[in-house]
Amino acid sequence: MSLPDPAPAAPTPPTRERRRRHSWGRVLIPVALILVWLAGASFGGPLFGKVDEVSSNDQTTYLPESADATRVQQLLGDFSDSEAIPAIVVFTSETELDKAETTAISDAVADTPSLEGIGDDVSPALPSEDGRAVQAFIPIESDAELADTVTALRADLRAAVPDGVTVHITGPAGFSADLVAGFAGIDGLLLGVALLAVLIILVLVYRSFLLPLVVLSTSLFALCVALLVVWWLAKFEILLLSGQTQGILFILVIGAATDYALLLVARFREELRVAQDKGAAVLAAWKGSFEPIVASGGTVIAGLLCLLLSDLKSNSTLGPVAAIGIAFAMLAALTLLPALLLLFGRAVFWPRRPRFEPETVEAEHGMRTTGLWARLAGLITRRPRVIWIVTTLVLLCGAAGVTQLNAVGVAQSDLVLGVSDARDGQAALGEHFPGGSGSPAYVVVDEDRLQDAADVLLANDGVDGVTVTAADSPTGTAIVTADGITAVGPPGTPAPDPTTVDGRVLLQATLTDAADSDAAASTVRELRAELRSVDALVGGVTATAIDTDDASLHDRTLIIPVILAVILVILMLLLRSILAPVLLILTTVLSFATAMGVSAVVFNGVFAFPGADPAVPLFGFVFLVALGIDYNIFLMTRVREESQAHGTREGVLRGLSITGGVITSAGLVLAATFAALSVIPILFLVQLAFIVAFGVLLDTFVVRSLLVPALAYDIGRAIWWPSKLWRRGED
């Protein structure tokens, strides 16, 4: 007789143990990820106040090695042991200075070497011809805290001179100190304003208290770890950092990390409506967000790395610095944020927790039928062609203003907005002395070509007869200065013999006009053209500005087409199409042109800015195109996903209605973070803040909400040509 089969055994303790281990794993893995990021942030956070230790705002260090100004700057060390930064101190009075006042000024200048950070090679006090001003050249030691030293020097001199005498510090040291003071708010004010703006937007959008803190924590941790990496790379001189690069890094990481976080959070909210288990919802949200986040971040990184082609090191080093920031923004959004969401679950949305309502979602067919974006989708259904044609015409009208953009360079005195003691000092200097005093043009020529240089300069029309004797010249012929140059050698002293080192001769030419003026730039350009035949190099402050502007124009012409080509290839790979990426690139370029056109009108008519740096259009293009394409990626990847199940036209409407809210929120966040750059009183950053903030809003509310969906809907499935979606048949 056979025995009956045994009854199934009850669950064994090992099975319960495996469930327990799985439950513990759900807790331990996110906690471990959070601890790793916390450790990185704890090392990176303290570096916020120490970025100036590894950064430099010296323009010459960012020029190409082949630039004349760079080569002259390198040779200057051979002619002088001092690497001090010259400060020009200007003392002025409404009336002619008497002997007692002049003596007090001379004594005050002579006592300055006793101050910390001041070199010993202080010039005597030099009176002006009208007797109402005195100037002195005071060296600031290269290892001194420039801004603090200039502030202390200004305070000491103002206390020492008689009443009625005004003291200004200008020249290279004065303007550099103003820049340092302008960038001083980056670590505190800029970061605080950006975070506060993002917090307010997130609270208004989500009407939640915990979620904004979770998203901001993700962004802040990403920034801390990115800063940690960038700081040490700059410490080992692998990367160059400046105040400008630092500010852009901060804003870029906060804005990008928040945008990526919002995309994942939106997916998480969607999944919580159809999944009761928070772990399953996090995993589904991560899978749905991974491709657009990586594609978006990869596009931005690729665009930023195109800056490596730049001749200017300030541009070429910004590329990898910003790319590192974007990489950590993506990493934080895909690791730290999911870990935090897994821990908090639905509670992260408190007090408006999403309900588990699969029946409602099924009835909606995955798409809400009410609200702003549903109504906009309906409008596009009825008038797609009218919408995209009218939108395009409006954008073209705005783009027409780009012809008014004056982006050929600005004077150094205009870089700092608001009060500038160096700018006031330069104005006073130009009123009583040659405008280029203290910022000479340096001419370096081979000793055996000195006579040839003399012949070239003697042939120049309009020479004013000021001479310097070339003691080593075999014929003793005098070098005569040309138009725009008042003297060779320190003003107010007999012209010295040229300095000769290793067969090279160094001449210092004092310019008639302020070193950062257009007239001075014309003088130096003419001087270079005349001396090119004798292989002479012309450097100095004016030459540095010329070489910087020329390199910026070269970079702009080269890099913009390269970025467009790289992004086009990425979009083709992402969307498996040719037509859609081409149209997306064209709409983004149109949006950029409109942003630049409107910005030009605002800069000229509203703010009355003196012009713009040649790098402003390049940086604006990099950020607007690379970041603006993000929203098209967010939209079109979802449209493609929906098109595979519902057809192209239905997919366009569903993609717009589903992503409308999150993309609009992301656009507001990014615009707010870039607008925060305007709190730093530097002309370049204020202009970049307006261009990018306005351009992002334009792209968010017009291009991505109207132009792209209407165009895609009107074209239909042909938008995916030549992919499988195009060959599937009718929508």
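The shown structure was predicted, so the numbers you read here are calculated from the model rather than taken from an experiment.

Caption draft 1: Geometry of the overall build of the protein. When helices and strands are counted, the protein shows 23 helices and 11 strands. By residue count, 55% of the 731 residues in the protein fall in the buried class. In the protein, the proportion of contacts linking residues at least 24 apart, taken out of those at least 6 apart, comes to 79%. Put simply, the protein shows about 31000 Å² of open surface, and 60% of that area lies on carbon and sulfur atoms.

Caption draft 2: Geometry of the packing of helix α21 (residues 648-675) against helix α22 (residues 683-715). Orientation of α21 relative to α22, taken along the N-to-C sense of each, is 175 degrees, at an axis distance of 9 Å. The orientation of α21 relative to α22 falls into the category roughly antiparallel. Classifying every residue of the contact of α21 with α22 gives 19 nonpolar, 5 polar and 3 charged.

Caption draft 3: Here's a closer look at the sheet that holds strand β2 (residues 126-127). Spatial ordering of the open sheet is given by β2-β3-β1-β4, a layout of 4 strands whose pairing is antiparallel. A single partner strand is all that each edge strand has here, and the edge strands are β2 and β4 (166-170). Relative to β4, strand β1 (residues 85-92) runs antiparallel, the two sharing 5 bridges. Following the sheet pairing, Ile 88 is matched in β4 by Thr 170. Helix α15 (residues 421-432) rests against β1, β3 (133-140) and β4 of the sheet, and its axis sits at about 105 degrees to β4.

Caption draft 4: Structural context of a negative patch on the surface. A cluster of acidic residues, Glu 116, Asp 120, Asp 121, Glu 141 and Asp 143, forms a negative patch on the protein surface. Along the chain, Glu 116 falls in the loop between α3 (99-110) and β2.

Caption draft 5: Looking closely at the packing of aromatic side chains. A complete count under the given rule lists 16 aromatic pairs for this structure. Aromatic pair Phe 603 and Phe 609: ring centres 5.5 Å apart, planes at 50 degrees, arrangement tilted. Here Phe 603 falls in the buried class, since its relative accessible area comes to 3%. A ring pair is formed by Phe 623 and Phe 674, whose centres lie 5.6 Å apart and whose planes are at 50 degrees; its orientation type is tilted. Residue Phe 623 is found in helix α20 (residues 615-646), and its partner Phe 674 is found in helix α21; the two are separated by 51 residues along the sequence.

Caption draft 6: Highlighting the environment of Val 390. With respect to the helices and strands, the residue Val 390 is situated in helix α14 (residues 384-399). Considered as a pair, Val 390 and Leu 707 are 317 residues apart in the sequence and their alpha carbons are 9.0 Å apart.

Caption draft 7: Summary view of the pairing of strand β5 (residues 441-446). Within β5, 5 of the 6 residues are buried, which leaves it mostly tucked inside the rest of the structure. Note that β5 and strand β10 (residues 504-511) share 6 bridges and pair antiparallel. Bridge pairing links Val 443 to Leu 507 in β10.

Caption draft 8: How the structure looks around the pairing of strand β11 (residues 537-540). Residues Leu 537 and Gly 539 of β11 are buried on one face, and the alternating residues Val 538 and Gly 540, pointing to the opposite face, are buried as well. Of the pairings in the sheet, the one linking β5 to β11 comprises 4 bridges and is antiparallel in character. Paired with Val 444 across the strands is Leu 537, a residue of β11.

Caption draft 9: Seen up close, unusual backbone geometry. In the segment running from Trp 350 into Pro 351, the intervening peptide bond is cis, with an omega of 10 degrees. For Arg 207, which is not a glycine, the phi torsion comes out positive at approximately 45 degrees. Looking at the secondary structure, you find Arg 207 in the loop between α6 (186-206) and α7 (210-235). Look at Arg 207 and you get exposed, because its relative accessible area is 52%. A positive phi angle, near 55 degrees, is found at Arg 576, a position not held by glycine. Looking at the element boundaries, Arg 576 is found in the loop between α18 (541-575) and α19 (579-605).

Caption draft 10: Quick look at the pattern of salt bridges. Taken as a whole and assessed by the stated rule, the structure comprises 16 salt bridges. A salt bridge links Arg 654 to Glu 642, with the shortest nitrogen-to-oxygen separation between them at 2.9 Å. Here Arg 654, found in helix α21, pairs with Glu 642, found in helix α20; they are 12 residues apart in sequence, far enough to count as distant. Residues joined in a network through salt bridges with shared partners are Glu 270, Arg 638, Glu 642, Glu 650 and Arg 654.

Caption draft 11: A look at the environment of Ala 67. Here Ala 67 lies in the loop between α1 (13-44) and α2 (68-79). The buried category is assigned to Ala 67, whose relative accessible area is 11%. Here the alpha-carbon distance between Ala 67 and Asp 311, two residues 244 residues apart in the chain, equals 9.6 Å.

Caption draft 12: Representation of the packing of α19 against α20 in the model. The geometry of α19 relative to α20 is characterised by a closest axis approach of 9 Å and an angle of 135 degrees between their N-to-C directions. When the axis of α19 is compared with that of α20, the two are oblique. For the pair α19 and α20, the crossing hand works out as right-handed. Contacts from Leu 584, Ile 585, Thr 587, Thr 588, Phe 592, Ala 595 and Met 596 of α19 reach α20 at Pro 617, Gly 620, Phe 621, Leu 624, Val 625, Ile 629, Asn 632 and Met 636. Residue composition of the contact of α19 with α20, by class: 11 nonpolar, 4 polar and no charged.

Caption draft 13: Structural context of the confidence of the model for the protein. Here the protein averages 82 in pLDDT, and 87% of its residues register 70 or above. Confidence drops under pLDDT 50 across residues 7-12; counting only partners more than four residues distant or on other chains, this segment forms 1 contact.

Caption draft 14: Up close: α14. The end-to-end C-alpha separation of α14 is 23 Å, in line with the 22 Å expected for 16 residues at 1.5 Å each. Listed in full, the buried residues belonging to α14 are Pro 384, Ile 387, Thr 391, Thr 392, Leu 395, Gly 398 and Ala 399. Each buried residue of α14 lies within a common arc of 120 degrees when the element is viewed along its axis, so the set occupies one face. Set apart from the buried face of α14 by more than 90 degrees, the exposed residues are Arg 385, Val 394 and Cys 397. Contacts from the buried residues of α14 go to α13 (372-382), α19 and α22.

Here is what the cut-offs are and how they apply
Here the residue numbering is sequential within each chain, running from 1 through the sequence in written order. Note on the predicted model: pLDDT of at least 70 is required for a residue's local features to be given, and 80 or more for side-chain atom pairs to be given and counted; whole-chain, interface and lining totals, by contrast, use all residues. Side-chain numbers come from the whole structure's heavy atoms, not from hydrogens or water. Comment: elements are numbered from the N terminus, with helices defined as DSSP H or I runs of at least four residues and strands as E runs of at least two. Think of it in three bands: with a 1.4 Å probe and only protein chains considered, a residue is buried below 20% of the maximum accessible area for its type, exposed above 50%, and partly exposed in between. The contact rule is simple, with two residues in contact once any of their heavy atoms fall within 4.5 Å. Note on areas: Shrake-Rupley with a 1.4 Å probe; residue coverage comes only from the protein chains shown. Comment: axis = line fitted to C-alpha atoms, over the contacting stretch for helices; angle = value between 0 and 180 degrees taken between N-to-C directions. Roughly parallel covers angles under 35 degrees, roughly antiparallel covers those over 145, roughly perpendicular covers 65 to 115, and oblique covers all other angles. Basically, the charged four are Asp, Glu, Lys and Arg, the nonpolar ten are Ala, Val, Leu, Ile, Met, Phe, Trp, Tyr, Cys and Pro, and anything else, Gly included, counts as polar. A pair of strands is labelled paired if DSSP reports no fewer than 2 bridges between them. Exposure above 30% relative accessible area and the absence of a salt bridge qualify a residue for a patch, where like charges join within 9 Å and nonpolar side chains (Val, Leu, Ile, Met, Phe, Trp, Tyr) within 5 Å. Salt bridges, as used here, are contacts in which a Lys or Arg side-chain nitrogen is within 4 Å of a carboxyl oxygen on Asp or Glu. Here the positive residues are Lys and Arg and the negative ones are Asp and Glu; neither His nor the chain ends is included. Working definition for charges: the position is that of NZ of Lys, CZ of Arg, CG of Asp or CD of Glu. Stacked, tilted and edge-to-face are the three classes applied to pairs of Phe, Tyr and Trp rings, where Trp contributes its six-membered ring and a pair requires centres within 6.5 Å; stacked means planes under 30 degrees apart, edge-to-face means over 60, and tilted covers the rest. Note on convention: near helix rotated counterclockwise from far helix by under a right angle means a left-handed crossing. Clockwise means right-handed. Confidence per residue, as judged by the predictor, is encoded in pLDDT with a range of 0 to 100. Expected helix span is given by 1.5 Å per residue-to-residue step, counting one fewer step than there are residues. Directions drawn from the helix axis to the C-beta atoms are what define this arc.

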